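What follows is the residue order along each chain.
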Amino acid sequence: MKDLDLTRLEAHIRRVLLVGVAATGLTFVTGLALWLAGSPRSTIVLDVGLVLLMAIPVTRVIASCVDAVRRRDWLLTWSTLIVLTVMAGTLVYELTRKITEP
Amino acid sequence: MSVVWTMLAGAGTGCLGALLGIGGGVFLVPFLNLVLHLPFRESAAISLVTVIATSSVTSASPGRLSLVNLRLGMVLEIFTTLGGFSGVLLAHRFSDHALYITFGVAMALVSAVMIRVRDSRTSIPDPRVEVGALGARYHDPDTNALVAYRMRRMPVAFGVSYLAGIVSTLAGIGGGVLKVPALNAWCGVPMRAAAATSALMIGATAVVGALAYFARGQIVAPLAAAAALGVLAGSRVGFMIGARTRARGLKLLMAGVLAIVAIIYFTRAFA
């Protein structure tokens, strides 16, 4: 990987991570404050925070995939696609299990 | 009150994890399960949430990303996430006793790893080496030298990654503590590069287990949020302290604590 490409990739990844962490932290603080106040909205806010947090690594893998395609790094492209497929497959499996089991 | 204790526990484990260079899950799960009496699965689920948080923060640190071998990390992540999914399937079928055994084995392994690597020095590979498809080059800030390495024994790396994924989901830890020593000792990856790559990828590993626990409603959201916030704060403190101390004695102490935790879980499993 060329130095300029690596630097650009680093900047992309860092931005994704920092924005995601900040948004998650803010959501968690809000959700906890609502929970401590006894608000019924706290559950939704905290769940949104959890989804945001779990979305950070997923977004990072997606960003890596997009960058890999742009640089025609097919090993990295296919690796990220397989990882994303496993993540999606886990979610589909759990949701299917939830629907089909009593 | 549990929220406060969980946040403090998260801060403590985040600090310890950053100081010792391991994930905090190995400390957080026993605290939640043994001290706060949270069921093991819920404890593991909360721990995975903190692993994602830690991974995201650690990997965003300036300069660290230059050590990350993204290609290698992502190829290994295929096997780790498959292992994580296998862990999701096993979690349905495992009894609590089986989970205790799994966690006890993981703690014993982590303890052994902490004792083994405490005085190890990273050998500086030949910068002229041909790195191949999965090796890399980076500038080592400590030695101010260019480091190049080539991956060896890929099947070993794949197998360890798969196992780390299973353990990650079942025990609620990141799995890096199993992958990093293996990559360094058997696959030719310098410790700093292995640790940085692992720190970036454990978030993706933990997501597989966390997604499953979330879908099953096994993540206690207020406690998970408190733990994550605590870990984020504690890990910053840990990094600051770690920059000034070697923490060698602390590593030995924590290795001893984890060995005791392993014994406790084996006892619970066979009681």
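The preceding data block contains the structure.
Definitions and limits used
Residues numbered from 1 in each chain as written. Chains lettered and ligands numbered in written order. Predicted model: local features only at pLDDT ≥ 70, side-chain atom pairs only at ≥ 80, totals over all residues. Heavy atoms only, no water. Helix = DSSP H or I, 4+ residues; strand = E, 2+ residues; numbered from the N terminus. Buried < 20%, exposed > 50% of the residue type's maximum accessible area, 1.4 Å probe, protein only. Contact = heavy atoms within 4.5 Å. Rg over C-alpha atoms; globule rule 2.2 N^0.38 Å. Areas by Shrake-Rupley, 256 points an atom, 1.4 Å probe, with all protein chains shown as cover. Buried area = accessible area lost by both parts, 1.4 Å probe. Salt bridge = Lys/Arg side-chain N within 4 Å of Asp/Glu carboxyl O. Polar contact = N/O pair within 3.5 Å; in protein donor to acceptor, adjacent residues only side chain to side chain. Nonpolar A, V, L, I, M, F, W, Y, C, P; charged D, E, K, R; others polar. Expected span 1.5 Å × (residues − 1).

**Student:** Tell me about the overall build of chain B, and name the residues and values.
**Tutor:** Counting secondary structure elements, chain B contains 10 helices and 2 strands. Each of the 271 residues in chain B was classed as buried or not, and the buried ones make up 59%. The contacts in chain B between residues at least 6 apart in sequence include a share of 77% that link residues at least 24 apart.

**Student:** Talk me through the overall build of chain A; I want residue IDs and the actual numbers.
**Tutor:** A count of helices and strands for chain A gives 3 helices and 0 strands. Reading the secondary structure of chain A in the N-to-C direction produces α-α-α. For 102 residues, the compact-globule estimate of 2.2 N^0.38 gives 13 Å, and the C-alpha radius of gyration of chain A, at 18 Å, exceeds that figure by more than 25%. Expressed as lengths along the three principal axes of its C-alpha atoms, the size of chain A is roughly 55 × 35 × 10 Å. Residues classed as buried in chain A amount to 41% of the 102 residues present. Pairs at least 24 apart in sequence give 47% of the contacts found in chain A among residues at least 6 apart. If you sum the accessible surface of chain A, you get close to 5800 Å²; carbon and sulfur atoms cover 71% of it.

**Student:** Could you give an account of the interface of chain A and chain B, with specific residues and numbers?
**Tutor:** Each partner contributes residues to the interface: chain A has 40 residues there, and chain B has 49 residues. Buried surface at the junction of chain A and chain B, both sides included, amounts to about 3800 Å², of which 81% is carbon and sulfur. At the junction of chain A and chain B, the tally comes to 2 salt bridges. Taken together, the links from chain A to chain B amount to 2 residue pairs in polar contact (both at pLDDT 80 or more). Of all elements in the fold, only α1 (3-36), α2 (42-70) and α3 (74-100) of chain A reach the threshold of two or more residues within the side of chain A that touches chain B. Among the elements that make up the side of chain A that touches chain B, the one with the highest residue count is α3 of chain A (15 residues). Looking at the side of chain A that touches chain B residue by residue, the classes come out as 26 nonpolar, 6 polar and 8 charged.

**Student:** Which residues make up helix α1 (residues 2-20) of chain B, and what are the values?
**Tutor:** Because each turn of an α-helix spans 3.6 residues, side chains separated by three or four positions in sequence point in the same direction. Along its 19 residues, α1 of chain B runs 26 Å from first to last C-alpha, staying within 8% of the 27 Å computed at 1.5 Å per residue. Among the residues of α1 of chain B, Val3, Thr6, Ala9, Gly10, Thr13, Gly14, Cys15, Leu16, Gly17, Ala18, Leu19 and Leu20 of chain B are the ones counted as buried.

**Student:** Explain unusual backbone geometry to me, using residue names and the numbers behind them.
**Tutor:** Residue and element names in this part refer to chain B. A positive phi angle, near 60°, is found at His37, a position not held by glycine. Mapped onto the secondary structure, His37 falls in the loop between α2 (25-35) and α3 (40-59). For His37, a relative accessible area of 64% puts it in the exposed group. Unusually for a residue other than glycine, Arg153 sits at a positive phi of about 50°. Relative to the helices and strands, Arg153 is located in the loop between β2 (145-149) and α6 (154-171). The exposure class of Arg153 is partly exposed, given its relative accessible area of 47%.

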